[in-house]
Amino acid sequence: MEGLRNGFKQLIKYPSALIGLILIALLVLTSILTVIFIPRNEAIRLWRGGEAIWGHNPKTAPPAWTNIFRSKKLPETILLNPSSPNVESQVSERATGEALLVTYAFDYTADEAPQDIVFNFSASFKSRNPFVSIFWITPDGREIRLIEQGINYNTTYRVVQDTKLQRRLGGLSPEIGLFDNPETEAVDVLKGTYQIVIDGISFEEGSQITRSDVVLHGKVHGLFGTDNQRRDLTIAILWGTPIALAFGLVASFGTSIFSMIFAAIGVWFGGWVDELIQRITEISINMPLLSILIMIGTFYSRSIWVILVVTVALNIFSGAIKSYRAIFLQVKEAPYIEAAKTYGASSGRIIFSYMIPRVTPLLIPGLVLGVPTFVFLEATLAALNLGDPVLPTWGKVIYDAWQTGGAVYNGFYYWILEPAALLIVTGLAFAMVGFAMDRVFNPRLRDI
Amino acid sequence: MSVDVTSLEAQPGAPQEQVTKKGSGRASTLVRVTKYTAVKTITLFISVVIAVYLTILIANMGGYVDQIVRGQIREFIGQQLRANQEYQLMDPAEKNAFFLSQVERAEKRYGLDRPFAVRSLAFLWNAIRMDFGTAQLMSSDTGSRQVSLIILDRLGPTLLLLGASNLILFFVSIGLALALSRSYGNIWDKLIIAFSPTSSAPSWFYGLFLILLFAAVLKWLPFGGMIDSPPPRDQLGYALNVAKHLILPTAAIITSSIFISIYNWRTFFLIYSSEDYVEMAKAKGLGDRDIQNRYILRPTLPTIITSFALLVISLWTGLILTEGVFQWPGLGRTYITAIGLYDTPVIVAITIIYAYLLALTVFLLDFVYALVDPRVKIGD
């Protein structure tokens, strides 16, 4: 224990180790907070819930903070519904049915038009559909009629798809045309207070328009942006942290511990046991580990826990067992082991209480250095679309971005760079600490 | 990907065991190298056979290898019967019954009614003979459904990529490691140490960044593939075009392992350059270059080669996704396609091929090891 404390004191003298430890602490903190505030089921619901959860988000929008570096500020999503500020809503009874007049007012300050403008209507009626008219009033007082049409129980009107409106706006795509400043030649946004007036009438007793919301999809979104299914990447980025850490740490820890136990058993018993372990190691080195994992992922189970167990099982008899063996061969000759033997300690006691604790300091650097390997292994499998079927992970975000979203070709760089940056930060943090530990605990390297 | 520094010290001193009696001259050296190689080949072959057998066992846990054979039988009998006049005249129910009886007979002939242990050994024998059956959906460039032909088509590009990157990696790392071990502690040395943790990321990961930077943003190099479409007509143009496509994937592979290799080998050279005989050589007044080549590089080379072998092994399977990212038409990309199409025979076959390739790599490097290790050559 004293040795470990001294080791730690020496360790934090290395600036890279200190940075690495701080980064690891931040990642662990993020993981804990994520798991507490977004429990697993909630995360799965938010990531797989469907349109109802992310329908209001824009498509492939970069993070909102990227606006700091842009000369032309991109709009954020504006949600307009009866509970938002600057709404006037009035309902008046008619002879049969009722009349609804909603006026939404909002300030528009971005330099670009939104991605889309979507109107959602819900209505209750028996046989005659209610009717709505929508008017768009610009800051300079022009009034543009959008639609005048009957609505169904649920009707969605997307301005982007309105080709008639496009023609009336002089060929400009409608969502751009509605914000265009007519005073200037170029296509630019007229800033100021816009108004949307929704005028609805229903024609039956008890029939009414129950919902009339507007969503102006922005071009930037939240802390991490959205993907091509409009999902908020925050969920995947945050939840990727505990998964990556858990996988990396458990796999590395499991592999090292078991390798060490087998190496110690081989050395202690010697003879055919040692021979067998060495032969298994040689065979194991010849087995294509990643391909076998891929095969298991394809044929049997993509569950991250199954993959984790298989990873550990396949990695026990790797090159590392050879170096542990060399160390144990020296330990076995030590006088205190001789002493234990003379007073009649059992083999199990000697292996687990005397041999393994002795080399534990040597195990720690390898253990820490192994973490990035396994973190990236999980990412590699996920990037091959063999990731866990339900949980969001960084590797899966990379797969989505690269394979299904065409992020590179379409310029959605944030979508790849965010998970990639977190992967490299995690990998570097553990690698920096591991390298420094190697120098602290491995006396031959200390002066070099 | 990170090769533990301590593992460098612990490579087995295997060659001594195979060395026979003392002798001198070229002939006995040849005998020794041959004998060493032969013993290595046999042990390696045995371990490969076991590795392949384990792969088959894993693949067949859900009965997938059986499914391959059953699929083949059905396809073959279907083809045979389609050409049969009498069969064509039967009514559908009769046709089906006849088909099934033929399938059952054939399954019996192939031994699918035999116990699993026997069957898996039969499949092992096929795998050793490189007979992987026919693919379910994929086909080779010439249109054949033979899995071995599909794999053969794709082996060339993979070997080109791995060969190019590993040769550069090996010589550049050794050169730089030697240079750094001579002037350790200077700014370059510190820089390499600072960069060595970056080797924890695999090559495909650096591939993403390189493509983003050089293909998407700067537009200097192609996004991927091996050749432009249409390919240049003259041979020189073709070669240059392939070379241009080779730059980014090679760079990705090299970036992912160069810093750790340099760091490990530099450390290793440093440990060796403090040995007494090096001090002695210095005291004798030998030149730096002589000391480096004869007293440091020579004794460390076998260990360096062993650690390089471990690196190449980790690169082999790491190549799968790198090829996928770069759309490089090699084994790895075929593997990814096969996973996407769920083409079982191809997936199992490529997994086995990877086991062979690993063994081949180990064998080649062992052979080089035998050539450079004086203990094998001179004996004793």
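Owing to the predicted nature of the structure, the values given are computational and were not obtained by experimental measurement.

K.L.:
Provide a residue-level description of the interface of chain A and chain B, including the pertinent values.
P.N.:
In this complex, chain A contributes 48 residues to the contact, which on the side of chain B involves 64 residues. Of the roughly 5000 Å² buried between chain A and chain B, counting both surfaces, carbon and sulfur atoms make up 76%. At the junction of chain A with chain B, the criterion picks out zero salt bridges. At the boundary of chain A and chain B, one finds two residue pairs in polar contact (both at pLDDT 80 or more). Of all the secondary structure elements, the ones that give two or more residues to the side of chain A that touches chain B are helix 8 (271–285), helix 9 (289–299), helix 11 (319–332), helix 13 (347–386), helix 14 (394–404), helix 15 (407–410) and helix 16 (413–441) of chain A. The leading source of residues in the side of chain A that touches chain B is helix 16 of chain A, at 13 residues. Taken together, the residues that form the side of chain A that touches chain B break down as 35 nonpolar, eight polar and five charged.

K.L.:
Please set out the pairing of strand 2 (residues 87–93) of chain A residue by residue, giving values where relevant.
P.N.:
Residue and element names in this part refer to chain A. Of all seven residues making up strand 2, only zero are buried, and the element is barely covered by its neighbours. Here seven bridges tie strand 2 to strand 3 (residues 98–108), and the two strands are oriented antiparallel to one another. By the bridge assignment for strand 3, S89 is matched with V102. Counted between consecutive antiparallel strands, the loop separating strand 2 from strand 3 contains four residues, among which G97 sits at a positive phi close to 85°.

K.L.:
Go over the domain arrangement of chain B with me, naming the residues and quoting the values.
P.N.:
Interfaces are often described in size by the accessible area the parts lose on coming together. Residue and element names in this part refer to chain B. Looking at chain B, the domain boundaries give domain 1 (26–128) and domain 2 (147–372). For domain 1 and domain 2, the distance between their C-alpha centroids amounts to 35 Å. Of the residues lining the interface, 17 residues belong to domain 1; the matching set on domain 2 comes to 16 residues. Of the roughly 1400 Å² buried where domain 1 meets domain 2, counting both sides, 81% is carbon and sulfur surface. Linking domain 1 to domain 2 there are zero salt bridges. For the interface between domain 1 and domain 2, the tally reads one residue pair in polar contact (both at pLDDT 80 or more). Those elements that place two or more of their residues in the side of domain 1 that touches domain 2 are helix 3 (26–59), helix 4 (64–82) and helix 7 (116–128). The element contributing the most residues to the side of domain 1 that touches domain 2 is helix 3, with 11 residues. Counted by class, the side of domain 1 that touches domain 2 contains 12 nonpolar, four polar and one charged residues.

K.L.:
Tell me about the sheet that holds strand 1 (residues 78–80) of chain A, and name the residues and values.
P.N.:
Residues and elements named next belong to chain A. Read across the open sheet, the four strands follow the order 1-9-4-7; overall the sheet is antiparallel. The open sheet is flanked by strand 1 and strand 7 (154–158), the only strands paired with a single partner. If you compare each strand with its neighbour and ignore which way they point, the axes differ by 15° on average. One ladder, built from five bridges, connects strand 4 (residues 116–124) with strand 7; its direction is antiparallel. Across the sheet, the residue bridging to F119 is Y157, located in strand 7.

K.L.:
Outline the environment of R279 of chain A, supporting the account with residue identities and numerical values.
P.N.:
Position of R279 of chain A among the secondary structure elements: in helix 8. With 269 residues separating them along the chain, R279 of chain A and Q10 of chain A place their C-alpha atoms 39 Å apart.

K.L.:
Could you give an account of helix 11 of chain A, naming the residues involved and the relevant values?
P.N.:
All names here are of chain A. Between the first and last C-alpha of helix 11 there are 20 Å, a value that for 14 residues agrees with the 20 Å anticipated at 1.5 Å per step. All of the buried residues along helix 11 are I321, S323, Y324, F328 and V331. One side of helix 11 holds all its buried residues, which, seen down the axis, span an arc of 160°.

K.L.:
Tell me about the packing of aromatic side chains, and please be specific about residues and values.
P.N.:
As enumerated under the stated definition, the model contains 25 aromatic pairs over all chains in all. Taking 5.2 Å as the distance between ring centres and 80° as the angle between the ring planes, the aromatic pair formed by F170 of chain B and F171 of chain B counts as edge-to-face. Pairwise contacts between aromatic rings join F106, Y108, W136, F179 and Y194 of chain A into one cluster. Sitting above the plane of the F203 of chain A ring, R128 of chain A keeps its charged end 4.5 Å from the centroid. Sitting over the ring of W47 of chain A, R231 of chain A keeps its end group 3.9 Å from the ring centre.

K.L.:
Quick one: what's the story with a nonpolar patch on the surface, residue by residue and with numbers?
P.N.:
Residue and element names in this part refer to chain A. A cluster of nonpolar side chains, F8, I12, L18, I22, L26, V28, L29, I32, L33, I36 and F37, forms an exposed patch at the surface whose accessible area comes to about 1000 Å². The element best represented in the nonpolar patch is helix 2 (residues 15–37), accounting for nine residues. The topology assignment puts L26 in helix 2. Owing to a relative accessible area of 47%, L26 belongs among the partly exposed residues under this scheme.

K.L.:
Describe the sheet that holds strand 2 of chain A, and please don't skip the residues or the numbers.
P.N.:
Residues and elements named next belong to chain A. Ordered in space as 2-3-8-5-6, the five strands form an open sheet in which the pairing is antiparallel. Across the chains shown, the open sheet's two edge strands, defined by having one partner strand only, are strand 2 and strand 6 (143–150). Adjacent strand axes in the sheet meet at a mean angle of 10°, parallel and antiparallel pairs treated alike.

Definitions and cut-offs
Residues numbered from 1 in each chain as written. Chains lettered and ligands numbered in written order. Predicted model: local features only at pLDDT ≥ 70, side-chain atom pairs only at ≥ 80, totals over all residues. Heavy atoms only, no water. Contact = heavy atoms within 4.5 Å. Buried area = accessible area lost by both parts, 1.4 Å probe. Salt bridge = Lys/Arg side-chain N within 4 Å of Asp/Glu carboxyl O. Polar contact = N/O pair within 3.5 Å; in protein donor to acceptor, adjacent residues only side chain to side chain. Helix = DSSP H or I, 4+ residues; strand = E, 2+ residues; numbered from the N terminus. Nonpolar A, V, L, I, M, F, W, Y, C, P; charged D, E, K, R; others polar. Buried < 20%, exposed > 50% of the residue type's maximum accessible area, 1.4 Å probe, protein only. Pairing = 2+ DSSP bridges. Domains from an automatic or database assignment. Axes fitted to C-alpha atoms, helices over the stretch in contact; angles between N-to-C directions. Expected span 1.5 Å × (residues − 1). Arc of directions from axis to C-beta. Phe/Tyr/Trp six-rings, centres within 6.5 Å; stacked < 30°, edge-to-face > 60°. Lys NZ or Arg CZ within 6 Å of the ring centre and 35° of its normal. Patch = residues over 30% accessible without salt bridge, like charges linked within 9 Å, V, L, I, M, F, W, Y side chains within 5 Å. Areas by Shrake-Rupley, 256 points an atom, 1.4 Å probe, with all protein chains shown as cover.

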